[in-house]
Amino acid sequence: MHELPLVFFTVFGQLSAGMVLLGSLNYLFNRSTHNTLIIEKINLVALIFMALGMLLASFHLGKPFRALNVIFGIGRSPMSNEIFTFGVLFGVTFGCVILAYFSHLNNSN
């Protein structure tokens, strides 16, 4: 039962990664204004799922303040690699959502 937060992290992580991947593929093959708005909404929902997954995964840690020690295991530990790549995906998705928000803000003014 103590592994349940990791199960939710894995489910929400895979769900959000799939949403971003399918949204990106849709953007590559169908570029229209309506599709762009849909993809931006998909990215926002994926970002919420990612944040929820990371929040739930933090309940698995024995000492949450030592979570940054995962950085020292990159390249050696598969779990560190997974957390690092998930963080990169979160950062890229967050950047896309923020850029889309500010581009709409500039277009409305």
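Let us look at the structure shown here. Not measured: the values here are computed from a predicted model.

Let's talk about the environment of glycine 23
Tracing the backbone shows glycine 23 in helix α1 (residues 4-29). Put simply, glycine 23 and isoleucine 38 are 15 residues apart on the chain and 8.5 Å apart in space, counted from C-alpha to C-alpha.

Side note on the layout of surface pockets
To locate leftover empty space, one rolls a probe as large as a water molecule over the atoms. In this structure, the largest pocket encloses a volume near 590 Å³. Counting only elements with at least two residues in the lining of the largest pocket, the list comes to α1, α2 (33-58) and α3 (78-108). In terms of residues, the lining of the largest pocket owes the most to one element, α3, which gives six residues. Looking at the lining of the largest pocket residue by residue, the class counts come to 14 nonpolar, four polar and two charged. Together, 13 residues line the second largest pocket, and Tyr27, Ile39, Glu40, Asn43 and Cys96 are the ones closest to its centre. For the lining of the second largest pocket, the elements supplying multiple residues, two or more each, are α1, α2 and α3. Of all the elements, α3 adds the most residues to the lining of the second largest pocket, at five residues. Looking at the lining of the second largest pocket, its residues break down into seven nonpolar, five polar and one charged.

Side note on the packing of aromatic side chains
A ring pair, where both rings are aromatic, is described by two values, the distance of the centres and the angle of the planes. Summed over all chains, the structure comprises five aromatic pairs. With a centroid separation of 6.3 Å and 25 degrees between ring planes, the pair formed by phenylalanine 8 and phenylalanine 12 is classed as stacked. Of this pair, phenylalanine 8 and phenylalanine 12 both sit in helix α1, four residues apart, which is roughly one turn of that helix. When its relative accessible area of 37% is taken as the criterion, phenylalanine 8 is described as partly exposed. Connected via pairs of aromatic rings, a cluster forms that spans Phe8, Phe12 and Phe49.

Definitions and limits used
Residues numbered from 1 in each chain as written. Predicted model: local features only at pLDDT ≥ 70, side-chain atom pairs only at ≥ 80, totals over all residues. Heavy atoms only, no water. Helix = DSSP H or I, 4+ residues; strand = E, 2+ residues; numbered from the N terminus. 1 Å grid on protein atoms, 1.4 Å probe; cavity = no way out; pocket = protein on both sides within 12 Å on 5 of 7 lines; lining within 4 Å. Points joined across faces, edges and corners; volume = space filled by probe spheres on them. Nonpolar A, V, L, I, M, F, W, Y, C, P; charged D, E, K, R; others polar. Phe/Tyr/Trp six-rings, centres within 6.5 Å; stacked < 30°, edge-to-face > 60°. Buried < 20%, exposed > 50% of the residue type's maximum accessible area, 1.4 Å probe, protein only.

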